[in-house]
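One-letter residues, chain by chain:
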Amino acid sequence: MSRKALIAANWKMYKTPAEAKAFVDAFLPLVAGHTRDEIALFPSPVLLPTVIAAAKGSNVSVGCQNIHFAEEGAYTGETSIGQLKAVGGTHTLIGHSERRQYFAETDEIVNKKLHTALKHGIGPVVCIGEVLAEREAGLTADVLKTQIAGAFAGITPEAAGPIVIAYEPVWAIGTGKTATPEMAADAHRIIRAEVAKLLGADVAVAIRILYGGSVKPDNATSLIGQEEIDGALVGGASLKPDSFTAIVKY
Ligand code: 13P
């Protein structure tokens, strides 16, 4: 089964609107006509209108790094799914490790956000991954299974089609330490087996599992080239058009 890869840029809390527009203006010609993979940009909410306008009509999708699970309400500082849709966003990251680590996001919150995204037709990229101490204690498989089961509670096989999973070992994020392609592929096999257990073989064979954590132009081919790895979620190396293009064209 060949799954179309998704190469996604998580810009985190970087770029002004002018910088974001300059990126898109430089990037689009570099990836024009690139249909082998899907491409998505995840800027901060304040950049969404600029990036969506600049990418309009192109082969590049745009989404949020986070949404609230409630449709609206008194949630100071948050972004709703309706707001994301109204500005033309089509995707959202959910449960990024930085959300879990610094904003106390739990599997239960991730699950609520996943339900909200699916209900409103927004493509969710659910992020999971173990921290270093968990890997060193031999707990990686347990952690991944718990995160998947938590995120997917109450999700039916019929609803699961749009879900993308991003496996991001926390110890590899922003550290320059990449999981070897074999380590990443092992984790992806564990994740896919767990999805099969929860949602059946058809969903498991179709679901895309991205790798994230220090993906760079020089390691993208060996990582994404793995049968089990269906694309990448890229932080630091997605901030410059040429390095992100080199990853897109792995
Ligand atoms: P880096 O590519 O900077 O390690 O970040 C990975 C990440 O967190 C993407 O979501």
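Residues numbered from 1 in each chain as written. Predicted model: local features only at pLDDT ≥ 70, side-chain atom pairs only at ≥ 80, totals over all residues. Heavy atoms only, no water.

Draft legend 1. Structural detail: the pattern of salt bridges. Across all of its chains, the model carries 14 salt bridges by this definition. With its nearest N and O atoms 3.2 Å apart, the salt bridge here joins Arg208 to Glu38. Remark: Glu38 occurs in strand S2 (residues 38-42) and Arg208 occurs in strand S7 (residues 208-212); sequence separation between them is 170 residues. Judged by its relative accessible area of 16%, Arg208 is buried. The residue Glu228 makes a salt bridge to Arg192 at a minimum N-O spacing of 3.0 Å. Of this pair, Glu228 sits in the loop between helix H10 (217-224) and strand S8 (231-234) while Arg192 sits in helix H8 (residues 181-199), and the two are 36 residues apart along the sequence. Across the pair, Arg192 and Glu228 agree in class, each one buried. (Salt bridge = Lys/Arg side-chain N within 4 Å of Asp/Glu carboxyl O. Helix = DSSP H or I, 4+ residues; strand = E, 2+ residues; numbered from the N terminus. Buried < 20%, exposed > 50% of the residue type's maximum accessible area, 1.4 Å probe, protein only.)

Draft legend 2. Looking closely at the packing of aromatic side chains. Inspection of the entire model under this criterion finds four aromatic pairs. Consider the rings of Tyr167 and Tyr211, whose centres lie 6.3 Å apart with planes at 55 degrees: the pair is tilted. Note that Tyr167 is positioned in strand S6 (residues 164-167) and Tyr211 in strand S7, a separation of 44 residues in sequence. Over the ring of Trp11 we find Lys15; its NZ or CZ atom is 5.1 Å from the centre of that ring. Taking NZ or CZ as reference, Arg99 lies 4.2 Å from the ring centre of Phe103, over its face. (Phe/Tyr/Trp six-rings, centres within 6.5 Å; stacked < 30°, edge-to-face > 60°. Lys NZ or Arg CZ within 6 Å of the ring centre and 35° of its normal.)

Draft legend 3. Geometry of the packing of helix H7 (residues 140-151) against H8. At a minimum axis distance of 10 Å, the contact between H7 and H8 shows a crossing angle of 40 degrees. One element, H7, and the other, H8, form an angle in the oblique class. Seen from above, H7 lies across H8 with right-handed handedness. Contacts between H7 and H8 involve Ala141, Leu144, Lys145, Ile148 and Ala149 on the former and, on the latter, Ala187, Ile190, Ile191, Glu194, Val195 and Leu198. Here the contact of H7 with H8 is composed, by residue class, of nine nonpolar, no polar and two charged. (Axes fitted to C-alpha atoms, helices over the stretch in contact; angles between N-to-C directions. Parallel < 35°, antiparallel > 145°, perpendicular 65-115°, else oblique. Left-handed = near helix turned anticlockwise from the far one by under 90°. Contact = heavy atoms within 4.5 Å. Nonpolar A, V, L, I, M, F, W, Y, C, P; charged D, E, K, R; others polar.)

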